[in-house]
Amino acid sequence: MRIAGLTGPIDLKIPPGVQSHHRIRLSGRGIPRLNHYGSGDHYVYIKITTPKKLTPKQRDLMIQFAETEQHPSDTNIIGLTDKEARKRIEESNEAFSGE
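Residues numbered from 1 in each chain as written. Predicted model: local features only at pLDDT ≥ 70, side-chain atom pairs only at ≥ 80, totals over all residues. Heavy atoms only, no water.

Caption draft 1: Geometry of the overall build of the protein. Secondary structure assignment for the protein yields 2 helices and 4 strands. When the helices and strands of the protein are read in sequence order from the N terminus, they spell out β-β-β-β-α-α. Counting every position in the protein, which comprises 99 residues, the buried fraction comes to 17%. The contacts of the protein with a sequence gap of at least 6 include a subset with a gap of at least 24, amounting to 24%. Accessible area for the protein stands at about 8,800 Å²; split by element, carbon and sulfur atoms hold 54% of it. (Helix = DSSP H or I, 4+ residues; strand = E, 2+ residues; numbered from the N terminus. Buried < 20%, exposed > 50% of the residue type's maximum accessible area, 1.4 Å probe, protein only. Contact = heavy atoms within 4.5 Å. Areas by Shrake-Rupley, 256 points an atom, 1.4 Å probe, with all protein chains shown as cover.)

Caption draft 2: View of the pairing of strand E4 (residues 42-45). Here E4 shows one buried face, formed by His-42 and Val-44, and one open face, formed by Tyr-43 and Tyr-45. Relative to E4, strand E3 (residues 23-26) runs antiparallel, the two sharing 4 bridges. The partner of Arg-23 across the bridge, within E4, is Tyr-45. (Pairing = 2+ DSSP bridges.)

Caption draft 3: Geometry of the side chain of His-42. Inspection of the secondary structure puts His-42 in strand E4. Using a relative accessible area of 11% as the deciding quantity, one classes His-42 as buried. Apart from the residues lying within four places of it in its own chain, the contact partners of His-42 are Ala-4, Gly-5, Leu-6, Ile-10, Ile-24, Arg-25, Leu-26, Arg-29 and Gly-30.

Caption draft 4: Highlighting the pattern of salt bridges. Enumeration according to the criterion identifies 2 salt bridges in this entry. In this structure, Asp-11 and Arg-2 form a salt bridge, with 3.1 Å as the shortest nitrogen-oxygen distance. Between Asp-41 and Arg-25 there is a salt bridge whose closest N-O contact spans 3.1 Å. Placement of Asp-41 in the loop between E3 and E4 and of Arg-25 in strand E3 is noted, with a sequence separation of 16 residues between them. Given the relative accessible area of 30%, Asp-41 is considered partly exposed. (Salt bridge = Lys/Arg side-chain N within 4 Å of Asp/Glu carboxyl O.)

Caption draft 5: Representation of the environment of Lys-47 within the structure. Inspection of the secondary structure puts Lys-47 in the loop between E4 and helix H1 (56-68). In this structure Lys-47 comes out as exposed when scored by relative accessible area, which is 66%.

Caption draft 6: Structural context of the nonpolar core. Within the largest apolar cluster, 8 residues are counted, these being Ile-3, Ile-10, Leu-12, Val-18, Ile-24, Leu-26, Val-44 and Ile-46. With residues up to four places along the chain from it excluded, the contact list for Ile-24 reads Leu-12, Pro-15, His-42, Tyr-43, Val-44 and Ile-46. (Core = buried A, V, L, I, M, F, W, Y, C linked by side-chain atoms within 4.5 Å.)

Caption draft 7: Spatial organisation of unusual backbone geometry. Backbone geometry at His-21 places phi at a positive 75°, although glycine is not the residue there. Here the phi dihedral of Asn-35 falls at roughly 60°; this positive angle occurs in a residue that is not glycine. Relative to the helices and strands, Asn-35 is located in the loop between E3 and E4.

Next up, the structure:
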């Protein structure tokens, strides 16, 4: 991913599994040091936002993704791991939206 750096564009590789509010240090890519050679470090803060509105296709893809996730055995995501609950939720959503 290309980001705007202090001295120009920077190609940044974001490792898989990075969570929101993670900090990535770019050594020597920051502000030049006073009375010294070299530059300080440039820190990039990762902020991940989730959309507030999804299209039906996006919602289905998110559900499919959640169903493939490995959850602890004592965790039951209502509407995802419990197929009957999911069916009831979908029916109530359709009734609510008037579809």
